[in-house]
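One letter stands for each residue in the lines below.
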Amino acid sequence: MRIGIPKEIKPLEGRVALIPDAVADLAHAGHEVHVQAGAGEASGFSDEAYVHAGAQVLPDAAAVYEKGQLIVRVKEPVGEELDLLRREHLLFSFLHLAALPELTQKLCDIGLTAIAFETVQDGHGLPILAPMSNIAGRIAVQAGTHYLHRPSGGKGLMLGGLPGVERGKVVILGAGNAGGNAARLAAGMGAEVVVFDKQAHKLDAMMNMASNITALYPYQEALSCHVQQADLLIGAVLIPGARAPKIISREQVCSMQAGSVIVDIAVDQGGCIETTRPTTYSTPVYTECGVLHFCVTNIPGAVPKTASIALSASLLPYSLQLAGGKWREVNALKAAVNVENGSIVHPALIHH
C-alpha cells in the first residue's frame with residue numbers, strides 16, 4: 001500500500017506521525033512510504049533520514065495526498081488540507097470529532113474512511129492515546145507551574161512550598177493516564193495533591209503513588225471545596241470518543257483565588273470545565289474570573305521529539321495492519337472507525 005505522511009500545519013505542532021525507524025519497517029514490509037519534505041524537522045528527523053529509511057520525500061502536501069492511499073498524520077486535517085482528501089483515502093489520525101461537528105460533516109461529505117487514534121481500544125485501554133496522555137499530564141503541571149509565576153500573570157506561588165511556607169495545592173479531575181501522570185509530577189514537586197475519580201481502583205492507585213496525594217470521590221460538595229482552594233486545577237476527564245462532560249461550573253471557577261491556574265487537558269474533546277475554550281501555543285492562555293486558563297488542544301506538540309518517538313511506537317503495529325489490507329479483521333481498528341461512506345459510524349459520535 002502507498003502510505004502518505006504529511007507535515008502538520010496546526011500552530012506550533014512539531015510532531016510527525018511516523019519516525020524514520022517506523023518508516024523503515026513499513027518499507028521492509030513492502031509498502032511505499034511518501035513523506036512531505038520537512039515533516040520530521042521539528043522532531044529532529046531530517047528528510048535524509050527518511051530517504052535512508054526507504055521513503056520518498058515529496059515537495060508538498062498535495063503530492064503526498066495524491067500518492068497516498070493510507071494517510072497517517074498526527075492532528076486532524078484543517079484548512080486547505082481538507083481539499084486534498086479523497087473518497088478513496090483511509091485517514092488515520094487524532095480526530096476528536098465529538099468537539100468538531102463541522103469537520104465531521106466535511107469528512108462525511110468527502111466519503112472517506114477515517115479511523116481516530118483516540119478511539120483505538122485494546123484489552124488494556126487506549127494504546128495510541130495513552131503515551132500522549134502521559135505527556136499531556138506532565139506538561140499540565142509544568143505549564144501550571146510556569147503560569148503561577150508572577151511574571152507570567154499568576155499569583156506568584158511555588159507549588160512545593162519551603163520550610164516555613166505552605167505547599168501549593170493541585171486539584172486533578174480524573175485519575176487516568178493524564179491525571180495520573182499529572183499527580184505523580186505534582187507530588188514529586190512537593191505540592192499538596194487532590195485527585196478526584198469515580199473508580200475505586202484508580203483512587204487506590206493514586207493513594208499508593210505518594211503520601212502527599214489524597215484521592216476522593218467527586219461529590220459536588222467536596223469538588224466545590226477543593227476547587228476553591230486550588231492553586232492549580234487540572235481537567236483530565238475522558239470518555240473515549242465522546243464529548244467531555246462539564247465537571248466544574250463557571251461559578252466554581254469564579255470561587256478560585258485570582259492568579260490561580262487552570263489547565264484543561266480535555267479541551268480537545270470539548271473541555272471538562274465550563275470556562276474552557278480552545279487555545280493554541282501561539283496564544284496559550286487567557287484569563288476568566290481572574291484565573292489563568294491554559295487550554296491548548298495539542299499539548300504534547302510542545303515536546304515533538306519525545307512525543308513523536310512515543311507516538312510512532314504505538315502507531316506502527318496498527319499502521320502495518322492497515323497497510324496490510326485485512327484490518328477489518330482487527331477488532332481494535334474496526335471499532336475505531338469514526339466515519340465511513342458519508343456516515344458517522346462510531347457509537348460515541350452517534351449518541352452525541
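Throughout, a residue's number is its position along its own chain's written sequence, starting from 1. Side-chain atom pairs in this predicted model are given and counted only at pLDDT of 80 or more, local residue features only at pLDDT of at least 70, and totals for whole chains, interfaces and linings cover all residues. To obtain the side-chain values, all non-hydrogen atoms of the structure were used and water was disregarded.

**Quick look at the sheet that holds strand S12 (residues 285-288)**
Then step 1. Pairing between two strands is assigned when DSSP locates at least 2 bridges connecting them. Strands here are runs of E lasting at least two residues and helices are runs of H or I lasting at least four, both read from the DSSP assignment and numbered beginning at the N terminus. Strand order in the open sheet formed by seven strands is S9-S8-S7-S10-S11-S13-S12, with mixed pairing between adjacent strands. The outermost strands of the open sheet, each flanked by one partner alone, are strand S9 (213-216) and S12. Strand-to-strand, the axes of this sheet are offset by a mean angle of 20°, without reference to chain direction.
Then step 2. Note: strand S8 (residues 192-196) against S9, four bridges, orientation parallel. Directly across from Val195, in S9, lies its bridge partner Ala215.
Then step 3. Against the sheet, helix H5 (residues 129-148) makes contact with strand S10 (232-235), strand S11 (261-264), S12 and strand S13 (291-294), and its axis sits at roughly 150° relative to S10, the strand it touches most. As a rule, the C-alpha atoms of each element are fitted with a line to give its axis, helices using only the stretch in contact, and angles between N-to-C directions run from 0 to 180 degrees. Contacts are residue-level and defined by heavy atoms, with any inter-residue pair within 4.5 Å sufficient.

**Overview of the state of the cysteines**
Simply put, disulfide is the name for a covalent bond between the sulfur atoms of two cysteines.
Then step 1. We call a pair of cysteine sulfur atoms a disulfide when they lie within 2.5 Å. Here the structure, examined in full by the defined rule, presents one disulfide.
Then step 2. Note on cysteine connectivity: Cys254 is disulfide-linked to Cys289, with sulfurs 1.9 Å apart. Within this pair, whereas Cys254 is found in helix H9 (residues 250-254), its partner Cys289 is found in the loop between S12 and S13, the two being separated by 35 residues in sequence.
Then step 3. Exposure is judged per residue with a 1.4 Å probe applied to protein chains only, and the accessible area is read against the type maximum: over 50% gives exposed, under 20% gives buried, and values in between give partly exposed. Residue class for Cys254 comes out partly exposed when judged on its relative accessible area of 40%.
Then step 4. Note on Cys289: relative accessible area 28%, which makes it partly exposed.

**Considering a nonpolar patch on the surface**
Then step 1. Within the patch definition used here, like charges are joined within 9 Å and nonpolar side chains (Val, Leu, Ile, Met, Phe, Trp, Tyr) within 5 Å, considering only residues with over 30% relative accessible area and no salt bridge. Here, Shrake-Rupley sampling with a 1.4 Å probe gives the accessible areas, and only protein chains in the shown set may cover a residue. Whenever Lys or Arg places a side-chain nitrogen within 4 Å of a carboxyl oxygen from Asp or Glu, that contact is recorded as a salt bridge. On the surface, a cluster of nonpolar side chains totalling about 310 Å² of accessible area is made up of Met158, Leu162 and Val165.
Then step 2. Positionally, Met158 belongs in the loop between H5 and strand S7 (169-173).
Then step 3. When its relative accessible area of 55% is taken as the criterion, Met158 is described as exposed.

**Digging into the pairing of strand S5 (residues 90-93)**
Then step 1. Side-chain alternation along S5 places Leu90 and Phe92 on one buried face and Leu91 and Ser93 on a second face that is also buried.
Then step 2. Sheet topology places strand S4 (residues 70-72) next to S5; three bridges connect them, and they run parallel. Bridge pairing in S5 places Leu70 opposite Leu90.
Then step 3. Orienting the strands away from the viewer, one traces the path from the first strand over the helix to the second; a clockwise path indicates a right-handed crossover. Between S5 and its parallel partner strand S6 (residues 113-116), the chain crosses via helix H4 (residues 101-110), and the hand of that crossover is right-handed.

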